[in-house]
Amino acid sequence: MTHKALFETTLALQGERLHFAAHSHHMWPDRVIEAHGEAAMLGARLLDRKWDKLFGELLPRLSERVARRLGWPDPSGLVFGANTHEFLVRLCSTLPRDRPWRILTSDAEFYAALRQFSSWQENGVALIEQIPAEPLATFSERMIEAIGRGGHDLVMFSKVFFNSGWVVDDVDALVEAVPDPQTLVLIDAYHGFNALPMDYSRVAKRAFVTAGGYKYAMAGEGACFLACPPGICPRPVQTGWLASFGSLASFDVHGKLNYGVDGSRFAGATLDPTGLMRLDAALGLLDEEGLDPKALHAWVGALQSRVVKALPESGPMSRVSLFPGPEVPDRGHFLCFREPKAGQLKEALDSLGVQTDVRRDRLRLGFSLYHDQADVDRLLELLAQARASIS
Ligand SMILES: Cc1ncc(COP(=O)(O)O)c(C=O)c1O
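If you're wondering where the values come from, they're calculated on a predicted model, not measured in any experiment.

**Quick word on the packing of aromatic side chains**
Consideration 1: Inspection of every chain in the model, using the stated rule, returns 12 aromatic pairs.
Consideration 2: Measuring from centroid to centroid gives 5.2 Å for F20 and F367, while their planes differ by 65 degrees, and the two rings are edge-to-face. You can see F20 sitting in the loop between strand 1 (18-19) and helix 2 (30-46) and its partner F367 sitting in the loop between strand 12 (362-366) and helix 11 (373-390), a full 347 residues away along the chain. With respect to class, F20 is no different from F367; both count as buried.
Consideration 3: Joined through ring pairs, the aromatic side chains of F80, F193 and F225 make up one cluster.
Consideration 4: For K215, the ring lying beneath its charged end belongs to Y190, and the centroid distance is 5.4 Å.

**Quick notes on the pairing of strand 3 (residues 101-106)**
Consideration 1: Burial analysis of strand 3 places five of its six residues in the buried class, the great majority of the element.
Consideration 2: As defined by bridge partners, strand 3 adjoins strand 4 (residues 126-131) across six bridges and the pair is classed as parallel. Paired with T105 across the bridge in strand 4 is Q130.
Consideration 3: Running through helix 5 (residues 111-122), the crossover from strand 3 to the neighbouring parallel element strand 4 is right-handed.
Consideration 4: Pairing geometry for strand 3 and strand 5 (residues 154-158), over two bridges, is parallel. Of the residues in strand 5, the one forming a bridge with L104 is V155.

**Some words on helix 5**
Consideration 1: Its 12 residues give helix 5 an end-to-end C-alpha distance of 16 Å, which sits within 8% of 16 Å, the value for a rise of 1.5 Å per residue.
Consideration 2: Among all positions in helix 5, only A113, Q116, F117 and W120 are buried. Down the axis, helix 5 shows its buried residues gathered within 100 degrees of arc, on one side only. In helix 5, the exposed residues that point more than 90 degrees away from the buried face are R115 and E122.
Consideration 3: Of the surrounding secondary structure, the elements contacted by the buried residues of helix 5 are helix 4 (84-92), strand 3, strand 4 and strand 5.
Consideration 4: G124, located one to two residues past helix 5, shows a positive phi value of around 70 degrees.

**Observations regarding the domain arrangement of the chain**
Consideration 1: Taken domain by domain, the chain consists of domain 1 (4-29 + 291-390) and domain 2 (32-286).
Consideration 2: Between the C-alpha centres of domain 1 and domain 2 there is a distance of 28 Å.
Consideration 3: At the junction of the two partners, domain 1 supplies 33 residues and domain 2 supplies 30 residues.
Consideration 4: Of the roughly 2700 Å² buried between domain 1 and domain 2, counting both surfaces, carbon and sulfur atoms make up 66%.
Consideration 5: In terms of surface lost to domain 2, no three residues of domain 1 exceed W28, P29 and P293, which account for 25% of the buried area on that side.
Consideration 6: Where domain 1 touches domain 2, the interface holds two salt bridges.
Consideration 7: Measuring nitrogen to oxygen at the nearest pair gives 3.9 Å for the salt bridge that ties E134 to R338.
Consideration 8: Linking domain 1 to domain 2 there are 11 residue pairs in polar contact (both at pLDDT 80 or more).
Consideration 9: Looking at the side of domain 1 that touches domain 2, the elements with two or more residues in it are helix 1 (8-14), helix 9 (293-310), strand 9 (334-338) and strand 12.
Consideration 10: When residues of the side of domain 1 that touches domain 2 are assigned to their parent elements, the largest contribution, four residues, is made by helix 9.
Consideration 11: Along the lines of polarity and charge, the residues of the side of domain 1 that touches domain 2 split into 15 nonpolar, 10 polar and eight charged.

**Re the pattern of salt bridges**
Consideration 1: Taken as a whole and assessed by the stated rule, the structure comprises 25 salt bridges.
Consideration 2: In this structure, the salt-bridge partner of R61 is D280, at a minimum N-O distance of 2.6 Å. Of this pair, R61 sits in helix 3 (residues 50-70) while D280 sits in helix 8 (residues 274-288); the two residues are 219 residues apart in sequence, bridging distant segments of the chain.
Consideration 3: Exposure remark for D280: the relative accessible area of 5% places this residue in the buried category.
Consideration 4: A salt bridge links R149 to E129; its shortest N-O distance comes to 3.3 Å. Of this pair, R149 sits in the loop between helix 6 (139-148) and strand 5 while E129 sits in strand 4, and the two are 20 residues apart along the sequence.
Consideration 5: The exposure class assigned to R149 is exposed, which follows from its relative accessible area of 55%.
Consideration 6: Among the charged side chains, a network of salt bridges with common partners joins R61, E64, R65, R68, R69, D280 and D287.

**A closer look at the sheet that holds strand 2 (residues 78-81)**
Consideration 1: Reading across from one edge, 2-8-7-6-5-3-4 is the order of the seven strands in this open sheet, with mixed pairing throughout. In this open sheet, the two edge strands, each paired with only one partner strand, are strand 2 and strand 4. Sheet twist, expressed as the average angle between the axes of neighbouring strands with direction ignored, equals 20 degrees.

**Considering the side chain of H333**
Consideration 1: With respect to the secondary-structure elements, H333 resides in the loop between helix 9 and strand 9.
Consideration 2: A residue is classified by how much of its surface remains accessible, and H333, at 3% relative accessible area, is buried.
Consideration 3: At a separation of 3.3 Å, a polar atom in the side chain of H333 contacts the main-chain carbonyl oxygen of A195.
Consideration 4: Within the local environment of H333, its side chain forms a polar contact with the side chain of H297, the two groups lying 2.9 Å apart.
Consideration 5: When near neighbours in sequence (up to four residues on either side) are disregarded, H333 contacts A195, L196, Y216, L296, H297, V300, Q304, L365, G366 and F367.

Parameters at a glance
Residues numbered from 1 in each chain as written. Predicted model: local features only at pLDDT ≥ 70, side-chain atom pairs only at ≥ 80, totals over all residues. Heavy atoms only, no water. Phe/Tyr/Trp six-rings, centres within 6.5 Å; stacked < 30°, edge-to-face > 60°. Helix = DSSP H or I, 4+ residues; strand = E, 2+ residues; numbered from the N terminus. Buried < 20%, exposed > 50% of the residue type's maximum accessible area, 1.4 Å probe, protein only. Lys NZ or Arg CZ within 6 Å of the ring centre and 35° of its normal. Pairing = 2+ DSSP bridges. Right-handed = clockwise from strand over helix to strand, strands pointing away. Expected span 1.5 Å × (residues − 1). Arc of directions from axis to C-beta. Contact = heavy atoms within 4.5 Å. Domains from an automatic or database assignment. Buried area = accessible area lost by both parts, 1.4 Å probe. Salt bridge = Lys/Arg side-chain N within 4 Å of Asp/Glu carboxyl O. Polar contact = N/O pair within 3.5 Å; in protein donor to acceptor, adjacent residues only side chain to side chain. Nonpolar A, V, L, I, M, F, W, Y, C, P; charged D, E, K, R; others polar. Axes fitted to C-alpha atoms, helices over the stretch in contact; angles between N-to-C directions.

Below, the structure written as C-alpha cells:
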C-alpha cells in the first residue's frame, strides 16, 4: 500500500531522490499546492472582502480541524499566527515587569524558544532554569520535581523533543504538578501535531499549546497556532489590531483596549493567510482520506520498525547509536542517531540521493505518508553504502 498519489507533483520533481527529512520540511500534498494558488486567486476575486471569507469561514473550520487533533474542547480558543515564537513572546508579555521572570524549561527546546530564553537571560529580563532532557527516561520525574518547587512565571516544555524524538507522555502530570495558579504553562507540541494522537482535553483549562504547519501538518510555513485556555491572560501586553477584530467599530484610541474573549485575544497584526489556507487544505484532505493522527502514527511506526529491525548491532547508524534506543516502543516521526561523524554521514547520504538532517551530533531520519516499504528498503541499502563510505 502507498499514499504517494497524494504527493504526485512533488514526488515527480524529486525523481529518484529519497526525502527522509519529513520531520523538518514536510512535502506538500498536491491539494496543498493548489490551495497556495487559490489563496492568491481569493484576493484577486474578492479583494478586501477576502477577509470576510477568511474570518467567517476558513478560520472557524480550521480551528475545528486543529482542535480535534489536539483534543481541545473549544475551537474558539485557537488563534493563528506566523510562527510559534510570536506566541511565546506575546504570552510572556503578560508577565510582571518589576523583576526578572522565572522560567522553567528543558534544555531540549527548539531554537526558537532556546534563543529567546538565552537573550532574555543575557539582558536581565528572565532567569532561566533548564532541566536536562537526558537521561530521557527520567525527564518527567525530574521536571515534575522542579515544577513542584513552584515560584515560576512560566513553565514550558515540548511534547516531543526535537533532538531525540522522545515523547513526553505524562503531560497531564506535568501540568498538574504546577502549584501556583498564576504560573503560565506552555506546551510546544510541534513535533507531535498531526503525527501522534494527542489529547489535551484534561489540561485545556490550564495550559497553552502551540504548534504549526511546517512539519507533520504538511502545510508549510506561516501557519502556526496557539490553543488558549479560557480566561488566562485576558489582556496580552504585546498586542496587535487583530486581537480586537470584533470590536474595531468601537475602537477608541484614548479608552481602555478591547480584547477578544476567545483565543483572538492573542492575535497579532495583519498576517498572510496563504499558509492557513494550505493548512486547512492539508487537514481537510487527511480528513477525507480517513488519515487521522492515529492512522498516520501507525503508518510511520511500521516504516520506522522496518528500519530499526534491519539496523546493524553496532557502528554508525546502528542499534547502539539509535537514540532513544530500539527498546523504546514509541517515538516521534523521526529516528535519531547519536553519531560522532553525523555531518559526514549526512553528506554521504546526500551524495547517494538521500536527504536527512543533522542537529549537532544527531542525525535525524524523518518518515511520513509519502514513504512506503519500497522506499524504506532502498533507504536501508543506501544506509549500508553510506556507512561503508565513511569507515
Ligand atoms: C519543537 C519545535 N518548536 C517550534 C518550532 C518552530 O518554531 P517557529 O515557528 O517559532 O519558527 C520547531 C521547528 O523546527 C520545533 O522543532
